[in-house]
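Given next are the chains, with one letter for each unit.
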Amino acid sequence: MTTAVLLLFLFQATGVVSDPTGRPIPGVTVACGTETATTDSAGAFQLANPCEATVSKDGFATAKVSLGATNIVTLQLAPTSSNVLVTATGTPVSIQEAGVAADIFTAQDFEPPHTAFVEDLLRDVPGLDIVQTGSNGGLTNLFARGGDSDATLVLLDGVPITEPGGNIDLSNLSSAGIDRMEVVRGPESALFGAEASSAVIQLFSKSGDVESTTPHGSLTYERGNFSTDHSTGTIDGGLAQRLDYAFTGDQFRSTGEFPNSAHRLTSGTGNLGYRFSDHTQLRAVFREFDSYTGDAGQTAYGLDDYLANERVRDSTLSLRLNDQRGPRFIQHVQFGYHRYRDIFMDSSTQTDNVAAILRTNAQGNTYLVALANPADSNAPPGTFFIDSPYEFFPSSSLELTARENVEYQGTLTHFHGALTFGYEYERQAGNISDFNVARDDNGVYLNDQYSLTSRIFLNAGARLQQSSTFGTEFTPRGAVTFRLPKETYFRVSGGRGIKEPELIDNFANTTFYVGNPNLKPETTDSFEAGLFREWFSRRLRTEVSWFRNSFSQLIEFDSAVNPGTWINIDKAWARGAEFSGTAHLFGFASLHAAYTLLYTDVVNDADPTQIGLPLVRRPKNSGSLSLALAPKRWTFSAGARFVGEREEQDFVFYAITRNPGYTFVFADASWKMTKHLEPFLRVNNLLNEDYQEVLGYQALSRNGSAGMRITW
């Protein structure tokens, strides 16, 4: 009997399946001929005999492995996986088990006929509001779940590309060279520090394949109205089984619809990886863009600025060393550098006299009815006339900032999950009031993923952030997810986010305003509950989230003192619900819908007249609906985005308080003419809607483009 048991043991194949970080993966299928095994919560499996096996799970690349008596199998993330999330916890985890509201965009979403800019993909994410000041190249801000435009951290290959204090202009963020994007809604300061108070967006550059000794590439060109040209070139591959590379060049040019609204954006990305061994890799990524934008001004008010322009140059460098020490521990060290230069110049000196017809409803909201002749003050019943002289003043500004950061992160896999911990140092510098200034940030953090049972998943983390300006802050976050019957997941989470002051808030030094070195970071306390469900054999996926955010210690400029300065005084809250759903109607058709209901309120403000009002540029209702068809040789998609009316600020008439809602309709198509040729077509604002995302700044009318993509 003992001999038989021993022989049985010798001929068995046992092992553990883990992800690239060494974390065990439950629910993996290990198929060996007619025999199939599934890994348990510790990633372990057992088969009767050693064999050539197929190891697979949704979200991971299928692997063919030769199984011996004992085995350690590592599954790589699938290149187009939309089910595995990294940003929320620091290590790969199923999006359903991460305890967050998140969206993932893969390489296909960044290719023609889709748009050339990341901002347009973000418009379809529930809970996010994208606001562009005019047309191409106009300042484009993002508001996440009612948070301010500087409360979302944007990372490129792990390097923050927001300016110190959280600001970013999305208008210059091209989708060229981007392979993947993860969007996590809610405070993530526990992992990412003093700028991720409302959301985190992480972009990953396209990399080459070390196994591909033959270079692959593409050339894309498209032409549209308003003299718009867009061209992109890529090449990627591998050398000597050690080196992989990917290079992208991209240029977008348009003369624009209005006088002085030309926009040019040139960008380039280089991604190099070197494999010292199967467990140690070095990667370097460099991305730079240079842009010119004419600032046409408030064209919807008839105020045309013919001389204002803005020139921006932005550089990002990432150096990262990944190292795996055994089957259960992986670590990385990363150096990041980001430099931003923005030059604005306007020599305009004219004075215009503009007038308008306005109306005020029973709730006290004031709307623009139409522009008027300043010499004719007659107004229809229920409306009133207002005029205002507007003077253009010559002005110029230089914004120069730089960020350098070094980070160490380790991940230790344990029986029920993985523990991630790390340390980050960052130096933020800039030119403020003609002085070179700098501040230092240090952060230590940890996050633990723990499978309490096969149906209960815990995520908890915290960060201790120390700054040379605001001192020390503690930011915790926790979530619990329950896997209910029939592929239903219910999550509850809570956390705190912080947003440090901008450099000018701390270091300004002029006759009329000075910085405040004693400012505290803005704080977001958040609670969220969500429900994810798959229906009809995974043909329909729906997700509903409810959240409440409390914003305190918000920074506001105080003009009541001389010289003016910045103080922590404002308070506000936002609460709302998000819905998204995707239905696979039949083999090649899918329907996607998203909707956000958002309530906001100003609790305290340096201007008492703002108390009790909604936060500006956050619509109560917004959503999108799209249909996509993708048979073998062609694709077609059409959809609409709906944005409701929202609170606004008017700096011309100083009376308009509301911006009407609008509907944006689009359609695009492509045809796989041959293996290497793919023509495509795209039309935006199909219904030619007349709207302004920011009051006074006219959005583009109907516009379209057609192009060709060549691949090899």
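For the structure, check the block above.
Rules behind the numbers
- Residues numbered from 1 in each chain as written.
- Predicted model: local features only at pLDDT ≥ 70, side-chain atom pairs only at ≥ 80, totals over all residues.
- Heavy atoms only, no water.
- Disulfide = S-S within 2.5 Å.
- Helix = DSSP H or I, 4+ residues; strand = E, 2+ residues; numbered from the N terminus.
- Buried < 20%, exposed > 50% of the residue type's maximum accessible area, 1.4 Å probe, protein only.
- 1 Å grid on protein atoms, 1.4 Å probe; cavity = no way out; pocket = protein on both sides within 12 Å on 5 of 7 lines; lining within 4 Å.
- Points joined across faces, edges and corners; volume = space filled by probe spheres on them.
- Nonpolar A, V, L, I, M, F, W, Y, C, P; charged D, E, K, R; others polar.
- Pairing = 2+ DSSP bridges.
- Axes fitted to C-alpha atoms, helices over the stretch in contact; angles between N-to-C directions.
- Contact = heavy atoms within 4.5 Å.
- Phe/Tyr/Trp six-rings, centres within 6.5 Å; stacked < 30°, edge-to-face > 60°.

Peer 1: What am I meant to see in the state of the cysteines here?
Peer 2: Simply put, the disulfide is a covalent bond whose two ends are the sulfur atoms of two cysteines. All told, the structure shown has one disulfide when counted by the stated rule. Across the disulfide, C32 is cross-linked to C51 (sulfur-sulfur distance 1.8 Å). Of the two residues, C32 is situated in strand β2 (residues 29-32) and C51 in the loop between β4 (44-47) and β5 (52-56); the sequence distance between them amounts to 19 residues. Taken as a pair, C32 and C51 share a single burial class, namely buried.

Peer 1: What is the right way to read empty space enclosed by the protein from this model?
Peer 2: Over the atoms rolls a probe the size of a water molecule, and in doing so it shows where empty space is left. All told, the structure shown has six cavities of 30 Å³ or more when counted by the stated rule. Roughly 210 Å³ of volume is contained in the largest cavity. Every residue lining the largest cavity is counted, 16 residues in all, and those nearest its centre are I161, I168, L173, F289 and D314. When contributions to the lining of the largest cavity are tallied by element, the ones reaching two or more residues are β21 (280-294), β22 (309-324) and β23 (329-346). Classifying every residue of the lining of the largest cavity by side-chain character gives six nonpolar, six polar and four charged.

Peer 1: Would you mind showing me how to read the sheet that holds strand β1 (residues 13-18) here?
Peer 2: Neighbouring strands of a sheet are bound in pairs by backbone hydrogen bonds; such pairs are parallel or else antiparallel. In spatial order, the strands read β4-β1-β7; together these three strands make up an open sheet with mixed pairing. Unpaired on one side and paired on the other, β4 and β7 (70-74) mark the two borders of the sheet. Strand-to-strand twist across the sheet, computed as the mean angle between neighbouring axes with direction ignored, equals 25 degrees. Summarising the sheet, β1 and β7 pair through five bridges and their orientation is parallel. If you follow V17 over to β7, its bridge partner there is V73.

Peer 1: Looking at this structure, how should I read the environment of F653?
Peer 2: Relative to the helices and strands, F653 is located in the loop between β39 (646-647) and β40 (658-659). Separated by 264 residues in the primary sequence, F653 and P389 have C-alpha atoms spaced 9.0 Å apart. Those residues in contact with F653 that lie beyond four places of it in its chain are Y301, V354, A355, A356, I386 and S388.

Peer 1: Help me understand the packing of aromatic side chains, please; the structure alone is not making it clear to me.
Peer 2: Both the distance between ring centres and the angle between the ring planes are used here to describe each pair of aromatic rings. Per the stated rule, a full pass over the model turns up 14 aromatic pairs. When the ring of Y390 is compared with that of F392, the centres are 5.2 Å apart and the planes differ by 75 degrees; the resulting orientation is edge-to-face. By relative accessible area, which is 24% here, Y390 ends up partly exposed. Seen from their ring centres, F482 and F490 are 6.5 Å apart, and the 20 degrees between their planes marks the pair as stacked.

Peer 1: I would appreciate a short explanation of the pairing of strand β13 (residues 152-156) in the present structure.
Peer 2: Remark: a regular strand shows side chains that alternate across the two faces of the sheet. In terms of burial, β13 is a largely internal element, five of the five residues being buried. Side chains of β13 alternate between two faces, with T152, V154 and L156 and L153 and L155 buried alike. In the sheet, β13 pairs with strand β16 (residues 199-205) via five bridges, with the strands oriented parallel. When the bridges of β16 are listed, L156 appears paired with L203. Here β13 pairs with strand β14 (residues 159-160) via two bridges, running antiparallel. Its bridge partner being in β14, L156 is matched across the sheet by V159. Counting the residues between successive antiparallel strands, the hairpin from β13 to β14 contains two residues, one of them, D157, with a positive phi of roughly 50 degrees.

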